[in-house]
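Single-letter residue listing:
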Amino acid sequence: MSDTPLFVGLALGFSILTPVGPMGLLCIQRSFAAGMRIGFCTGLGATTVQLGYGALILLGLGSLPEWSGADEKVTDILSGVFLLLAAARILMRRKQGRDASLTPLAAYLSAAALHATAPMPLVLTVSRLSPHLGGDAPGLLGGMLLAALLWWGCLSGGVALLRPWLRPQLLLWLNQVVGMMLTAHGTLALARVRGFMS
C-alpha cells in the first residue's frame, strides 16, 4: 500500500515542503499578522507553482532546462527583488493588529510570483521526481497536493492558534526576524547576479 502512487506522492510532497525556506517563513509571518486564511493562501500560491513544475516533469521534462547565464541572472534578479519587497513590507509594519491590507488573493498571487521566480523550487522538484518518470502522474500529483494541503494547513493553523497567547512585543520581534531573514535571502540572490557579471 505504501508503494501506491498517492502515498509515494505524499512522501515526495513532504520531502519538498519540510525544509523551511523563504516561503515557509513568509507563511509563518503572515499567519501571525493576518491569521490562518492568509497564511494558508500563501502556501497555496507556492503549491500551485510546485504542482505545475511536477506536472511538467512527469509529462516528460525529466531534467533541468539548459539555462544560460543570462537566464539565471534574470531569475535571480526577480527572486531577489520579490524577496526584498516582501521583507520591506514586513519590516515597515509597526502596528501588531490584524493586517487587513493583505487579501487572500493578494497573498496567493504574491506567493506564486515569489515561488515562480526562485530557481531552487524547480531544482528540488526535479531531483525528487526524476526517479519516478513514467509513473502514475495523477496519483503522484494528487499525493503532492494532499501533502501541501496538510503541511500549509498545519503550519498556518498552528501558528494562528498561538496568536492570542503572544505579546505584541514578541510579534514585533518575529516580524523583524522574518524580515531580516527574507532580506538575507534576497541579498544572496542579487549577490549571485553580481557573481555572474564578474
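What you see is a predicted model; the values in this text were computed from it and never measured.

Sorry if this is basic, but what is going on with the overall build of the protein here?
On a plain count of helices and strands, the protein comes out with eight helices and zero strands. From first element to last, N terminus to C terminus, the protein shows the α and β order α-α-α-α-α-α-α-α. Split into buried and exposed, the 198 residues of the protein put 42% on the buried side. Counting only contacts in the protein whose residues sit at least 6 apart along the sequence, the fraction spanning at least 24 positions is 92%.

Any chance you could explain the packing of helix 2 (residues 22-34) against helix 5 (residues 104-117) here in plain terms?
Two quantities define a packed helix pair, namely the angle between the helix axes and the distance between the axes. Contact pair helix 2 / helix 5: the axes reach a minimum separation of 11 Å and the direction vectors enclose 160°. Between helix 2 and helix 5, the crossing angle belongs to the class labelled roughly antiparallel. Note that helix 2 runs across helix 5; the crossing there is right-handed. Of the residues in helix 5, those in contact with Met-23, Leu-26 and Arg-30 of helix 2 are Ala-107, Ser-110, Ala-111, Leu-114 and His-115. When its residues are assigned to classes, the contact of helix 2 with helix 5 shows five nonpolar, two polar and one charged.

Could you clarify how one ought to interpret the UniProt feature "transmembrane region" (unreviewed entry) in the protein in this entry?
Mapped onto this structure's residue numbering, the UniProt feature "transmembrane region" (unreviewed entry) falls at residues 6-28, 40-62, 74-92, 104-124, 144-163 and 170-191. Measuring from the first to the last C-alpha atom of residues 144-163 gives 29 Å, for a span that is 95% helix and 0% strand. As a span, residues 170-191 carries 100% helix and 0% strand, and end to end its C-alpha atoms are 31 Å apart.

So what exactly am I meant to see when it comes to the packing of helix 2 against helix 3 (residues 36-58) here?
For the pair helix 2 and helix 3, interaxial distance at closest approach is 6 Å and the crossing angle is 160°. Judged by the angle between their axes, helix 2 and helix 3 are roughly antiparallel. Helix 3 is crossed by helix 2, and the crossing has right-handed handedness. When helix 2 is examined against helix 3, the residues Met-23, Leu-26, Cys-27, Arg-30, Ser-31 and Ala-34 are found in contact with a partner set consisting of Met-36, Ile-38, Gly-39, Thr-42 and Ala-46. Grouping the constituent residues of the contact of helix 2 with helix 3 by class yields seven nonpolar, three polar and one charged.

Looking at this structure, I do not really get the side chain of Thr-125. What am I missing?
Turning to its location among the elements, Thr-125 is positioned in helix 6 (residues 119-129). With sequence-adjacent residues up to four places away left out, Thr-125 is seen in contact with Ile-16, Gln-50, Tyr-53, Gly-54 and Ile-57.

I keep staring at the environment of Trp-152 and nothing clicks. Help me out?
Inspection of the secondary structure puts Trp-152 in helix 7 (residues 137-162). You can call Trp-152 buried: its relative accessible area is 4%. Distance from Trp-152 to Thr-47, taken between C-alpha atoms, is 9.2 Å for residues 105 residues apart in sequence. Beyond its immediate sequence surroundings of up to four residues, Trp-152 is in contact with Leu-17, Met-23, Gly-24, Cys-27, Phe-40, Gly-43, Ala-46, Thr-47 and Gly-157. In this structure the side chain of Trp-152 is engaged in a polar contact, spanning 3.3 Å, whose partner is the backbone oxygen of Gly-43.

Please clarify how the nonpolar core should be interpreted in this entry.
Generally speaking, a soluble globular protein has its nonpolar side chains buried in company with each other. By size, the foremost hydrophobic cluster in this structure holds 25 residues, and its most contacted members are Met-23, Leu-26, Trp-152 and Leu-182. Looking at this core, the elements that each hand over two or more residues are helix 1 (5-17), helix 2, helix 4 (69-91), helix 5, helix 7 and helix 8 (168-197). Listed in part, the 15 residues of the second largest apolar core include Leu-12, Val-126, Ala-137 and Leu-140.

Just to check I follow, could you spell out the environment of Leu-6 for this structure?
Mapped onto the fold, Leu-6 is located in helix 1. Exposure remark for Leu-6: the relative accessible area of 42% places this residue in the partly exposed category. The spatial distance from the C-alpha of Leu-6 to the C-alpha of Gly-142 is 6.2 Å, given a sequence separation of 136 residues. If near-sequence neighbours (up to four positions away) are discounted, Leu-6 is found in contact with Gly-139, Gly-142 and Gly-143.

Calculation rules
Residues numbered from 1 in each chain as written. Predicted model: local features only at pLDDT ≥ 70, side-chain atom pairs only at ≥ 80, totals over all residues. Heavy atoms only, no water. Helix = DSSP H or I, 4+ residues; strand = E, 2+ residues; numbered from the N terminus. Buried < 20%, exposed > 50% of the residue type's maximum accessible area, 1.4 Å probe, protein only. Contact = heavy atoms within 4.5 Å. Axes fitted to C-alpha atoms, helices over the stretch in contact; angles between N-to-C directions. Parallel < 35°, antiparallel > 145°, perpendicular 65-115°, else oblique. Left-handed = near helix turned anticlockwise from the far one by under 90°. Nonpolar A, V, L, I, M, F, W, Y, C, P; charged D, E, K, R; others polar. UniProt positions renumbered as here; feature names shortened; annotations may be inferred. Polar contact = N/O pair within 3.5 Å; in protein donor to acceptor, adjacent residues only side chain to side chain. Core = buried A, V, L, I, M, F, W, Y, C linked by side-chain atoms within 4.5 Å.

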